[in-house]
Amino acid sequence: MPGSPKSMGVLTVGMLVLVTAYTAALGSSGWLWFGWVVLLLATAGAASTSGGR
């Protein structure tokens, strides 16, 4: 899919903002941060396999 790593990157940054806002408002949640790290690793994997397209 063309543009998939780019859209995953946008989603990853958006989720970082949401998780940070949640942490600031309601306190830290380890599962949210774990989920974000998994999403970050999936995005990095998609970006590396796309060959920089």
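As shown above, the structure is provided for reference.
The shown structure was predicted, so the numbers you read here are calculated from the model rather than taken from an experiment. (Residues numbered from 1 in each chain as written. Predicted model: local features only at pLDDT ≥ 70, side-chain atom pairs only at ≥ 80, totals over all residues. Heavy atoms only, no water.)

Draft legend 1. Spotlight on a nonpolar patch on the surface. Together, Leu11, Met15 and Leu18 give the surface a local cluster of nonpolar side chains, amounting to about 270 Å² of exposed area. You can see methionine 15 is positioned in helix α1 (residues 4–26). (Patch = residues over 30% accessible without salt bridge, like charges linked within 9 Å, V, L, I, M, F, W, Y side chains within 5 Å. Areas by Shrake-Rupley, 256 points an atom, 1.4 Å probe, with all protein chains shown as cover. Salt bridge = Lys/Arg side-chain N within 4 Å of Asp/Glu carboxyl O. Helix = DSSP H or I, 4+ residues; strand = E, 2+ residues; numbered from the N terminus.)

Draft legend 2. Fine view of the packing of aromatic side chains. According to the stated counting rule, one finds two aromatic pairs in the structure shown. Taking the centre distance of 5.8 Å and the plane angle of 90° together, the rings of tryptophan 31 and phenylalanine 34 count as edge-to-face. Taken together, the positions of tryptophan 31 and phenylalanine 34, both in helix α2 (residues 30–49) and three residues apart, correspond to about one turn of that helix. In this structure, tryptophan 31 and phenylalanine 34 share a single accessibility class: exposed. Both rings, one in tryptophan 33 and one in tryptophan 36, keep their centres 6.4 Å apart while their planes meet at 75°; by these two values the pair is edge-to-face. Within this pair, tryptophan 33 and its partner tryptophan 36 are both found in helix α2, separated by three residues, close to a single helical turn. Relative accessible area serves as the criterion here: at 15%, tryptophan 36 is assigned to the buried category. (Phe/Tyr/Trp six-rings, centres within 6.5 Å; stacked < 30°, edge-to-face > 60°. Buried < 20%, exposed > 50% of the residue type's maximum accessible area, 1.4 Å probe, protein only.)

Draft legend 3. Highlighting the packing of α1 against α2. Remark: α1 packs on α2, axes separated minimally by 9 Å, with the N-to-C direction vectors making an angle of 165°. Comparing the axis directions of α1 and α2 gives the class roughly antiparallel. For α1 against α2, the interelement crossing comes out left-handed. Contacts between α1 and α2 involve Pro5, Met8, Gly9, Leu11, Thr12, Met15, Leu16, Val19, Thr20, Tyr22 and Thr23 from the first element and Leu32, Trp33, Trp36, Leu39, Leu40, Ala42, Thr43, Ala46 and Ala47 from the second. In terms of residue class, the contact of α1 with α2 is made up of 15 nonpolar, five polar and no charged. (Axes fitted to C-alpha atoms, helices over the stretch in contact; angles between N-to-C directions. Parallel < 35°, antiparallel > 145°, perpendicular 65-115°, else oblique. Left-handed = near helix turned anticlockwise from the far one by under 90°. Contact = heavy atoms within 4.5 Å. Nonpolar A, V, L, I, M, F, W, Y, C, P; charged D, E, K, R; others polar.)

Draft legend 4. Representation of the environment of threonine 23. Of note, threonine 23 is situated in helix α1. For threonine 23, a relative accessible area of 24% translates into the label partly exposed. The spacing of threonine 23 and tryptophan 33 is ten residues in sequence and 9.4 Å in space, taken between C-alpha atoms. Non-local contacts of threonine 23, meaning those with residues more than four positions away in its chain, are made with Ser28 and Trp33.

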